[in-house]
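# Observations on the model geometry
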Amino acid sequence: MDAIQLLRGLTRLKNRRLHLGVAGSVACYRSAELLRHLLACGIHVSATLTPGAKNFVTPLLFSSLGAVPVYPEMFSGEEPFAHLEPGQTCQALLVCPASAGLLARMAHGLAQDMLAAQILAFDGPVAAAPAMNTRMWNNAATRDNVALLKSRGVTIVEPDSGLMACGTSGEGRLADMPQLLAHALRLLCEQDMAGQTVLVTLGPTREPWDGVRFWSNPSTGTMGAALALCAWLRGATVHAVAGPGIGSALVPALPGLTLHQVTTARQMFARASELWDTASMGMFSAAVADFSPRPYGAEKFKKEGTDTFRVDFEANPDILRTLSEKKRPGQRLLGFAAETAPDMESLMALARKKLRRKDVHVLAANRVNAAGSGFGSATNAMAVAGRDGREEFWPEMGKADVAWDLCSWLLHS
Ligand code: C5P
């Protein structure tokens, strides 16, 4: 599982419409890959390539991959109002990659090519992912154009630093694919979680026993990464406190999504406690070790002459329970229960009990002993219980969709 796979599993934006603008840059080929990911989410994508982009990639590539329509250049097609169409049919517009020239045309309303005209006639959310040589990116003209576009509400997907096709190294490389996909999806989302600050705990914790060994569990943090991403897509400011494992790699670097990496339950407790003061929602998906071994020491324990040995454990703080006790009016909590229940009915009974014991608004339980629902799986089948008495069984779904629906439930609980 990686962040792209996780996001590709999100079907809740199915049938929304995005217009993809492609401007002239070596990075054009990556726009074709982005198109495939968007289509996998069930999104309808139309596209326009600038004359510059057509030197690198062809309209045929985009239409063959599934973009409908791919617009011809101004004054070359039969449709006289094609420059107005995306503004009438699409919910959002993303330019990827955006060249220095295209950013300048956007900033100054120069509508001499089809894409620039379509952008000018678009009044929904617009984002641009710049890609260009570092000197062009740093030039005062580009800096001013970018600042102007930002001031008008255009989202700039900040470029990365690194080695570029021209052989130089610096800022100006197109953002990476998880960032591009996340931004594209966010443009299509109602920002119904804007103003929320969400704390998410995710992944396992590791409790060191000696200098090289630890006590842990197989959690990967996939469910928590999905929650963090969904809350971000819907406009929330997100703090993800992640234990070790792949979960952190599933959380891309995005503005307003901060990753806090911790190792032990006590570190997770400390960081989550700090962040809880300013949070409006808490989503506690981490598989926190309930006990820590009393450390043997910083050295590696030697097995020589030892057939059996005892390890003493001491209880860790229950992060969810403690923060729930400290909650202010208005703070909402989502708890999880990973259980080895024999069936979904008994899982619901456990969810109901844990809802009360942890005093949360929503409790989502899954059977870790069932196929398609356990640690690290791409899917989850849930028994969800709400404080208001609402109870639902959810069939096996991708974790991004589960996260989306849990965000909705918590938001309206
Ligand atoms: O009691 P149990 O471990 O089954 O509760 C699970 C829920 O409590 C999950 O939401 C988990 O993230 C949270 N939890 C916690 N701190 C612990 C143990 C569990 O936050 N020490």
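Heads up: the structure comes first, above all this text.
What you see is a predicted model, and the numbers here were worked out from it, not measured in a lab. (Residues numbered from 1 in each chain as written. Predicted model: local features only at pLDDT ≥ 70, side-chain atom pairs only at ≥ 80, totals over all residues. Heavy atoms only, no water.)

### Brief notes about the overall build of the protein
Counted only if it meets this: Secondary structure counts use DSSP, requiring at least four H or I residues in a row for a helix and at least two E residues in a row for a strand, with both numbered from the N terminus. Atoms counted for the radius of gyration: C-alpha only. Globule rule: 2.2 Å times the number of residues to the power 0.38. When a residue's accessible area, from a 1.4 Å probe over protein chains only, is under 20% of the maximum for its type it is buried; when over 50% it is exposed; and in between it is partly exposed. In what follows, a contact means two residues having at least one pair of non-hydrogen atoms within 4.5 Å. Accessible surface is estimated by sampling points in the Shrake-Rupley manner with a 1.4 Å probe; for residues, cover comes only from the protein chains shown. Residues scored as charged are limited to Lys and Arg (positive) and Asp and Glu (negative), so that His and the chain ends carry no count. Taken as the charge centre is NZ of Lys, CZ of Arg, CG of Asp or CD of Glu, depending on the residue.
The number of helices and strands found in the protein is 14 helices and 20 strands. Taken over the C-alpha trace, the protein has a radius of gyration of 24 Å; the compact-globule value for 413 residues is 22 Å, and the two agree within 12%. Taking all 413 residues of the protein together, 53% fall into the buried category. Pairs at least 24 residues apart make up 72% of the contacts formed inside the protein by residues separated by at least 6 positions. Only carbon and sulfur atoms are counted for the fraction: they give 53% of the accessible area of the protein, which is about 17900 Å². Put simply, the protein has 40 plus and 37 minus side-chain charges, and the middle of one group is 3 Å from the middle of the other.

### Here's the deal with the packing of aromatic side chains
Just so we agree on the cut-off: For Phe, Tyr and Trp, where Trp contributes only its six-membered ring, two rings pair if their centres lie within 6.5 Å, and the inter-plane angle classes them as stacked under 30 degrees, edge-to-face over 60, or tilted in between. We call a charge positioned over a ring when the NZ of a Lys or the CZ of an Arg lies within 6 Å of the ring centre and within 35 degrees of the ring normal.
Summed over the entire model, instances satisfying the criterion amount to eight aromatic pairs. One aromatic cluster is present, built from ring pairs that chain together Trp209, Tyr296, Phe301 and Phe309. Sitting above the plane of the Trp232 ring, Arg186 keeps its charged end 3.8 Å from the centroid. The cationic tip of Arg234 hangs over the ring face of Trp404; the distance from NZ or CZ to the ring centre is 4.3 Å.

### Examining helix 10 (residues 222-233)
Threshold: To estimate how far a helix should reach, multiply one less than its number of residues by 1.5 Å.
Under the 1.5 Å per step criterion, the end-to-end length of helix 10 is 16 Å for 12 residues, consistent within 8% with the ideal 16 Å. Most of helix 10 is tucked away: 12 of the 12 residues are buried. Thr222, Met223, Gly224, Ala225, Ala226, Leu227, Ala228, Leu229, Cys230, Ala231, Trp232 and Leu233 are the residues of helix 10 that are buried.

### What about the environment of Met193?
Tracing the sequence through the fold places Met193 in the loop between helix 9 (177-188) and strand 9 (197-202). Beyond its immediate stretch of four places on either side in the chain, Met193 contacts Val198, Ala231, Arg234, Gly235, Ala236, Met281, Met283, Cys407 and Leu411.

### A closer look at the packing of helix 2 (residues 28-40) against helix 9
Heads up, the rule is: To get an axis, fit a line to the C-alpha atoms, keeping to the stretch in contact for a helix; angles then go from 0 to 180 degrees between the N-to-C directions. Working rule for angles: under 35 degrees goes down as roughly parallel, over 145 as roughly antiparallel, 65 to 115 as roughly perpendicular, anything else as oblique. Note on convention: the crossing is left-handed when the near helix lies turned anticlockwise from the far helix by less than a right angle, right-handed when the turn is clockwise. Ten residues, namely Ala, Val, Leu, Ile, Met, Phe, Trp, Tyr, Cys and Pro, are considered nonpolar, four, namely Asp, Glu, Lys and Arg, are considered charged, and the remaining ones, Gly among them, are considered polar.
At their nearest, the axes of helix 2 and helix 9 sit 10 Å apart, and the two run at 55° to each other. Our classification of the angle between helix 2 and helix 9 gives oblique. As helix 2 runs across helix 9, the sense of the crossing is right-handed. Seen from helix 2, the contacting residues are Arg30, Glu33, Leu34, His37 and Leu38; seen from helix 9, they are Met177, Leu180, Leu181, Ala184 and Leu185. Across the contact of helix 2 with helix 9, the residue classes tally to seven nonpolar, one polar and two charged.

### Regarding the sheet that holds strand 20 (residues 391-398)
The test is simple: Strand pairing is defined by DSSP finding a minimum of two bridges between the two strands.
What the eight strands build is an open sheet, ordered 13-12-9-14-17-18-19-20; its pairing is mixed. Here the strands that pair on one side only, and so sit at the sheet edges, are strand 13 (257-261) and strand 20. Recorded for the sheet is a direction-independent mean angle of 20° between the axes of neighbouring strands. Both strand 9 and strand 12 (residues 237-242) contribute to a ladder of six bridges, which runs parallel. Bridge assignment links Leu202 to a residue of strand 12, and that residue is Ala242. Helix 10 rests against strand 9, strand 12, strand 13, strand 14 (281-284), strand 17 (332-339) and strand 19 (379-386) of the sheet, and its axis sits at about 165° to strand 9. Running over the sheet, helix 14 (residues 399-411) touches strand 14, strand 17, strand 18 (362-367), strand 19 and strand 20 and is turned about 150° from strand 20.

### Observations concerning the sheet that holds strand 1 (residues 17-22)
Reading across the sheet, the six strands line up as 3-2-1-4-5-6 and stay open at both edges, with parallel pairing between neighbours. Pairing within the sheet leaves two strands with one partner each, and these edge strands are strand 3 (70-71) and strand 6 (155-156). Sitting on the sheet, helix 2 is in contact with strand 1, strand 2 (44-49) and strand 4 (92-98), with an inclination near 170° to strand 1. Set on the sheet, helix 9 makes contact with strand 1, strand 4, strand 5 (126-130) and strand 6; between it and strand 4 the angle comes to about 160°.

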